[in-house]
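One letter stands for each residue in the lines below.
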Amino acid sequence: MSISRKDIEKVAVLARIQVDDAQVSALEKDLGNILDLVDQLGAADTEAVAPMAHPLDAVQTLRPDVVTETNQREAFQAIAPATEDGLYLVPRVIE
């Protein structure tokens, strides 16, 4: 697959970048090589390959889900400026 000079200039306008003629020629060659590589990858037979989430099959070690701190709700609410029914009262911001 190849990319045309017109396509590169259009993308440059959309991306709001300025490219001169020398850069367009270099980009045409480089982007053409990239697209050729993508075509090669797309042509590879992947039917027998199992999908994977991580190439190393890494497993996240998790800590046990247990409570490690005591409930200090009353102590924290005792020093709060205003509480009601176990909730913190804050000043109204939106009228």
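This text goes with the structure placed above it.
Residues numbered from 1 in each chain as written. Predicted model: local features only at pLDDT ≥ 70, side-chain atom pairs only at ≥ 80, totals over all residues. Heavy atoms only, no water.

### Topic: the overall build of the chain
We apply this condition: The helix and strand labels rest on DSSP assignments: H or I over at least four residues marks a helix, E over at least two residues marks a strand, and numbering proceeds from the N terminus. It is over C-alpha atoms that the radius of gyration is taken, and the globule rule equals 2.2 Å times the number of residues to the power 0.38. Accessibility here uses a 1.4 Å probe with only protein chains present; expressed as a share of the type maximum, an area under 20% marks a residue as buried, one over 50% as exposed, and anything in between as partly exposed. Here the accessible surface of atoms and residues is derived via Shrake-Rupley with a 1.4 Å probe, and residues count as covered only by protein chains that are part of the display. For the purpose of charge, His is not counted, nor are the chain termini; Lys and Arg are scored as positive and Asp and Glu as negative. Charged side chains are reduced to one point each, which is NZ for Lys, CZ for Arg, CG for Asp and CD for Glu.
Helix and strand content of the chain: 3 helices and 2 strands. The helix and strand sequence of the chain, counted from the amino end, reads α-α-α-β-β. Taking 2.2 N^0.38 as the reference for a compact globule, 95 residues should give roughly 12 Å; the C-alpha atoms of the chain span a radius of gyration of 30 Å, well beyond that estimate. Classification of the 95 residues of the chain by burial places 7% in the buried group. Total accessible area computed for the chain in this model is approximately 9300 Å², and 58% of it derives from carbon and sulfur atoms. Where the 8 positive side-chain charges of the chain centre and where its 17 negative ones centre are 8 Å apart.

### So, the pattern of salt bridges
Note the cut-off: Here, a salt bridge means any side-chain nitrogen of Lys or Arg that lies within 4 Å of a carboxyl oxygen of Asp or Glu.
Under the counting rule described, the total for this entry stands at 3 salt bridges. Of the charged contacts, one joins Arg5 and Asp21 as a salt bridge, the two residues approaching to 3.8 Å between their closest N and O atoms. Residue Arg5 is located in helix α1 (residues 5-15), and its partner Asp21 is located in helix α2 (residues 21-43); the two are separated by 16 residues in the primary sequence. Overall, Asp21 belongs to the exposed group, its relative accessible area being 56%. Put simply, Arg5 and Glu28 hold a salt bridge, and the shortest N to O gap is 3.8 Å. Residue Arg5 is located in helix α1, and its partner Glu28 is located in helix α2; the two are separated by 23 residues in the primary sequence. Its relative accessible area of 30% is what places Arg5 among the partly exposed residues.

It is worth stressing that arrangement in space is one thing and function is another; only the former is reported here.
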